[in-house]
Structures are given as C-alpha cells and as structure tokens.
Amino acid sequence: MPEEAVQAPAVTAIKVELGARSYDILIGRGLINDTGAELQRRLPGARVAIVTDETVARLHLNMLKASLRAKGIDHTAITIPPGEESKSFAVLSRVVDEIIAARIERNDVIVALGGGVVGDLAGFAAAIVRRGVRLVQVPTTLLAQVDSSVGGKTGINSPRGKNLIGAFHQPTLVLADCGVLDSLPPRIFNAGYAEVAKIGLIQNADFFAWLEKNWRAMAAGWPEREEAIAIACRAKAATVAADETEQGVRALLNLGHTFGHALEGATGYSNRLYHGEAVAIGMVLAHEFSARLGLAPQEEASRVAAHLADVGLPTHINQIPGQRLTAAELMQLIGQDKKVARGKLTFILTRGIGKAFIARDVSPESVAEFLAEKVT
Ligand SMILES: NC(=O)c1ccc[n+]([C@@H]2O[C@H](COP(=O)([O-])OP(=O)(O)OC[C@H]3O[C@@H](n4cnc5c(N)ncnc54)[C@H](O)[C@@H]3O)[C@@H](O)[C@H]2O)c1
Ligand SMILES: [Zn+2]
C-alpha cells in the first residue's frame, strides 16, 4: 500500500441549519493549521482577537498564530488563567476591554481557542462587544468539541450559580482539530467522553454499542476518535437546529445533568469533580432512577455503569473524594436548578439505552427517597 493511503483522513463537515445563521463544524486532524486559510476564505479582511487560556496558549497558540500569519491575517491574543473561576465578571471585563483596545469591529472576529471555559467566556464577550461580533470556536477539549462549542450557549457564572449570566450567540464556524486532544490529561479527556456517551444514551443505542467496542481506539486517536466526534456533533447540530433556545427537545441533552449539577454544586465546582464526571454519575443515576420507577430494565442501568466504569469514569456518588454528600443537600440543589412546577420536577428519564424522554411530572419525594439510598 502506498504511504499516502495512511495519511490523515479527510475533513468532516457538518452543517448546523439555522437559516441565515447556519454554520459549519469542521472536524479533522491538524485542522488548526488551516484556521488562517478558512478565515481568509470565509471572512475575508477580518481581523482576529484570539482568546485562550494559559495552558492552551503554551501548547497550541503558536500553531494557530502561524496559520494566521501565513495568510497575512492581523491578530492579537488575549490569555486568561485556566479554570472555571475565569468564567467571572472580572475576567470578562478584562477580555472585553482588551478586545476593544485591539480595535476589533463588527466585521472582525473573535477566535475562542480552548475548552468550554474559554468558549463560554469568549463567546459571551463576542455577544456583547459592539452588540455582537463574529465568533469562531476552535475547541481543544473533547467536551468542547462535542458539546460546548456547538449550539451558541455562552456565558459566565454568578456567585449564586453556574451559567446564570449569558446569551445565545451562535458561532460562524467551529474548527475541531482532533489532534490537539492528544495533549489532554486522561482525566479531562474522560470527562468529555461522558458527553459523547450521552449522545448514544439519549437517542442512538447503536452508537452506544459501538462505543462499548471502540472506546479504547477512540481514546487512542483516529479514525475512531474523529468518527465518534462527528457522530456526537451531528446529533448536537440536529438538536440545536430543531430547538435553538431549548423550548423542547434540546432539553434531552440534559440527560444526567440534573443529578450532575447537584453533585457539582455540592462539591463547589472544583477539581474534586469535573462537569463530565458529575454527568457520568448523573447518567447512571438517571438510568437507575428510571429502572426504579419501572420505566426501564435495571440491566440497562447496569450496562451503562459498567461501560462508564471501564472507561475510568466515576459512576457512584460514594466515589467522589472528600466529605460525604447528603441527600438533603442534593435535593436542595436540585430544587434550585429546576423549576418546580405544581410540586413536580422535570427530569430526563429513559425507557432504556437510546430512549431518553422528558418527564415533567417527577415527584420530589421519589427523587429524595432514591437519593437517600444512593448517598450511602
Ligand atoms: N456552552 C455550552 O453549551 C456548554 C456545554 C457544556 C459545558 N459547558 C461549559 O464548559 C466548561 C467545561 O469545559 P471543559 O471541560 O472543556 O473545561 P476547561 O475549558 O476548563 O478545560 C479543562 C482544562 O483542560 C485544559 N486544556 C484545554 N485544552 C487542552 C489541551 N488540548 N491539552 C491540554 N490541556 C488542555 C484547560 O486549560 C483546562 O485546564 C464548563 O464551564 C461548562 O459550564 C458549556
Ligand atoms: Zn454537560
């Protein structure tokens, strides 16, 4: 076989169909080197403000800058400290100030180079500077490639809760270079994997079965990694196109997130438990709770737990390091996260793998009783 036959695979393009605001997600290895060419072709004449964090800047900023330089694109880079704490008014204020100081105007573009923290913060800055400038997402974590860079949710945290301040602001392009994931610490890669598995669990049992067989190859690299990212992005793109502002089906993407957000809240949004890890435990709980309510077979819940545990994700509340969590504090956080309508909670429940649905009539008592068992 000639050498060329094993070169990096072609780029996958997925369109997010939102009428005049439609955009492409490009997925492929080494794509970061094409950023300059893609911007020149799609947004000719635009100047660029890159927003990134210190860790990603050390690893991948030079490549991005070189690709802009090669096409003669004028650019500046703004660097923030890594971590969830950067999704704050203080950091937003500095970033916005630097964008304005760099004379970024309506026809220019902000490039978010980083994980979900950079994407959410830079996206929100793009939404509010000059009442909205264009945004290109160059996601560098698995979570950002399959989830946060697509769909237009941007924002920062309030001291009273996560993601409480923000705006919908769709990107004009998402460039997902699967090669940059090679530098991710395994724990952060796995946290993103939970959101990949989520896509199978919501509506694609075949994909979940494929992941059960291929997750090692997927973690190792292409072509399985690109394939899995493309499947997850296609599902997210279709869901966003059907329900951009989460009036209906987009809520299915919250599978495992009601329990997950409560666990994150109880652990202070810290390194004790990453978002994806909380979602992994939350998805297992959602399946077990559905089984408890007689909606789904218990074996399916066990299968979900077994797969996520294989990958190296936590699947049980008692695996969270540090102080024990109580059912009472988790219930209080669930009450804050969710609107309680007529004494009932809305949850994403399931009839089995690939069969998630929105349940609007879950009684808080049944959740409390279930959690009381699960915290032991
Ligand atoms: N907007 C949305 O729709 C949406 C969806 C899901 C999650 N989110 C948000 O995303 C955030 C979590 O995103 P995340 O998990 O990407 O976290 P993150 O952005 O904090 O990245 C995790 C860590 O990985 C580092 N990192 C990033 N890319 C790297 C690389 N290629 N190599 C080595 N290290 C790298 C970062 O510096 C950081 O320390 C949360 O704030 C969450 O609320 C948003
Ligand atoms: Zn999530």
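Check the entry above for the structure.
The residue numbers shown here count from 1 along each chain, following its written sequence. Each chain gets a letter, beginning with A, and each ligand a number, beginning with 1, in the order they are written. Given that this is a predicted model, residues contribute local features only at a pLDDT of at least 70 and side-chain atom pairs are listed and counted only at 80 or more, while totals for whole chains, interfaces and linings are drawn from all residues. Calculation of side-chain values draws on the structure's entire complement of heavy atoms; hydrogens and water are dropped beforehand.

(A) Quick look at the pattern of salt bridges. Salt bridge criterion: a side-chain nitrogen from Lys or Arg within 4 Å of a carboxyl oxygen from Asp or Glu. A complete count under the given rule lists 20 salt bridges for this structure. Of the charged contacts, one joins Asp 120 and Lys 87 as a salt bridge, the two residues approaching to 2.9 Å between their closest N and O atoms. Taken together, the residues Asp 120 in helix α4 (residues 116-128) and Lys 87 in the loop between β4 (75-80) and α3 (89-101) connect sequence positions 33 residues apart. Taken together, the salt bridges that share partners define one network made up of Asp 24, Glu 38, Arg 41 and Arg 42. In DSSP terms, a helix is any run of H or I states spanning at least four residues, a strand is any run of E spanning at least two, and both are numbered starting from the N terminus.

(B) The site of ligand 1, seen in detail. One heavy atom suffices: a residue is near a molecule or strand as soon as one of its heavy atoms comes within 4 Å of it. Of all residues adjacent to ligand 1, which total 25 residues, the nearest are Asp 53, Glu 84, Thr 140, Thr 141 and Ser 183. Any pair of nitrogen or oxygen atoms within 3.5 Å is treated as a polar contact; in protein, a donor-acceptor pairing is required on top of that, and neighbouring residues in sequence qualify only through side-chain atoms on both sides. The separation between an oxygen atom of ligand 1 and a polar side-chain atom of Lys 162 is 2.9 Å. Within the backbone of Val 180, a nitrogen or oxygen atom sits 3.0 Å from a nitrogen atom of ligand 1. Using a 1.4 Å probe, accessible areas were evaluated by the Shrake-Rupley method; residue-level cover was limited to the displayed protein chains. When ligand 1 sits alone it has 860 Å² of accessible area, and the protein chains cover 88% of it. Secondary-structure elements contributing two or more residues to the shell around ligand 1 are α2 (54-70), α4, α5 (142-148) and β8 (161-168). Tallying contributions element by element places α2 first for the shell around ligand 1, with four residues. Under the convention adopted here, Pro, Cys and the residues Ala, Val, Leu, Ile, Met, Phe, Trp and Tyr are nonpolar, Asp, Glu, Lys and Arg are charged, and Gly plus all remaining residues are polar. The class makeup of the residues in the shell around ligand 1 is eight nonpolar, nine polar and eight charged.

(C) Structural view of the environment of Ala 359. By the element assignment, Ala 359 lies in strand β11 (residues 356-362). Residue burial is assigned from relative accessible area. The probe radius is 1.4 Å, only protein chains are included, and a residue is buried under 20% of its type maximum, exposed over 50%, and partly exposed in between. Note on Ala 359: relative accessible area 5%, which makes it buried. Residues Ala 359 and Asp 74 lie 285 residues apart in sequence; the distance between their C-alpha atoms is 50 Å. Apart from the residues lying within four places of it in its own chain, the contact partners of Ala 359 are Leu 345, Thr 346, Phe 347 and Leu 349. For this analysis, residues touch if any pair of their heavy atoms sits within 4.5 Å.

(D) Representation of the environment of Arg 351 within the structure. Tracing the backbone through its elements, the reader meets Arg 351 in the loop between β10 (345-350) and β11. Taking the relative accessible area as the measure of exposure, Arg 351 reaches 46% and is therefore partly exposed. Taking the C-alpha atoms as reference, Arg 351 lies 28 Å from Leu 325; in sequence the two are 26 residues apart. Look past the residues within four positions of Arg 351 in its chain and what remains in contact with it is Leu 295, Ala 296, Pro 297 and Phe 357.

(E) Region of interest: the pairing of strand β5 (residues 109-114). Where burial is concerned, most of β5 is hidden: six out of the six residues are buried. Of the two faces of β5, the one lined by Val 109, Val 111 and Leu 113 and the one lined by Ile 110, Ala 112 and Gly 114 are each fully buried. Strands qualify as paired when DSSP identifies two bridges or more between them. For strand β3 (residues 48-53) and β5, the ladder comprises five bridges, and the chain directions are parallel. Across the sheet, residue Val 51 finds its bridge partner in β5, namely Ala 112. Bridge count between β5 and strand β6 (residues 134-139): six bridges; the pairing is parallel. If you follow Ile 110 over to β6, its bridge partner there is Leu 135.

(F) Representation of helix α1 (residues 35-42). All of the buried residues in α1 are Thr 35, Gly 36, Glu 38 and Leu 39. Taken down its axis, α1 places every buried residue within 165° of arc, on the same side. The inward-facing, buried residues of α1 contact β2 (23-28), β3, α2, β5, β6 and β9 (173-177). This arc describes the spread of directions from the helix axis toward the C-beta atoms.

(G) Representation of the state of the cysteines. The rule for a disulfide is simple: a pair of cysteine sulfur atoms within 2.5 Å. Tallied over the full model, the rule gives zero disulfides. A disulfide-free cysteine, Cys 178 has its sulfur positioned 8.6 Å from the sulfur of Cys 233, the nearest such atom. For Cys 178, a relative accessible area of 0% corresponds to the buried category.

(H) Region of interest: the packing of aromatic side chains. A pair of aromatic rings is counted whenever rings of Phe, Tyr or Trp (Trp by its six-membered ring) have centres within 6.5 Å, and the orientation is called stacked for planes under 30 degrees apart, edge-to-face for over 60 and tilted otherwise. One pass over the structure, following the stated rule, counts six aromatic pairs. On the basis of an interplanar angle of 55° and a centroid distance of 6.1 Å, the ring pair of Phe 289 and Phe 347 is categorised as tilted. With Phe 289 in helix α10 (residues 275-292) and Phe 347 in strand β10, the pair connects residues that are 58 residues apart, well separated along the chain. The exposure class assigned to Phe 347 is buried, which follows from its relative accessible area of 2%. One aromatic cluster is present, built from ring pairs that chain together Phe 259, Phe 289, Phe 347 and Phe 370. Arg 187 extends its terminal NZ or CZ atom over the ring of Tyr 274, reaching a point 4.1 Å from the ring centre. Whether a charge sits over a ring depends on NZ of Lys or CZ of Arg being within 6 Å of the ring centre and within 35 degrees of the ring normal. Note that Arg 351 overlies the ring of Phe 357, its terminal NZ or CZ placed 3.9 Å from the centroid.

(I) Examining the sheet that holds β2 more closely. With mixed pairing, the seven strands of this open sheet are ordered in space as β1-β2-β9-β6-β5-β3-β4. The open sheet has two edge strands with one neighbour each: β1 (12-16) and β4. Pairwise comparison of adjacent strand axes, ignoring direction, gives a mean angle of 20° for this sheet. The pairing of β2 with β9 spans five bridges and is classified as parallel. Bridging from a neighbouring strand, Ile 27 pairs with Ala 176 of β9. To obtain each axis, a line is fitted to C-alpha atoms, and for helices this fit is confined to the stretch in contact; angles are then taken between N-to-C directions over 0 to 180 degrees.

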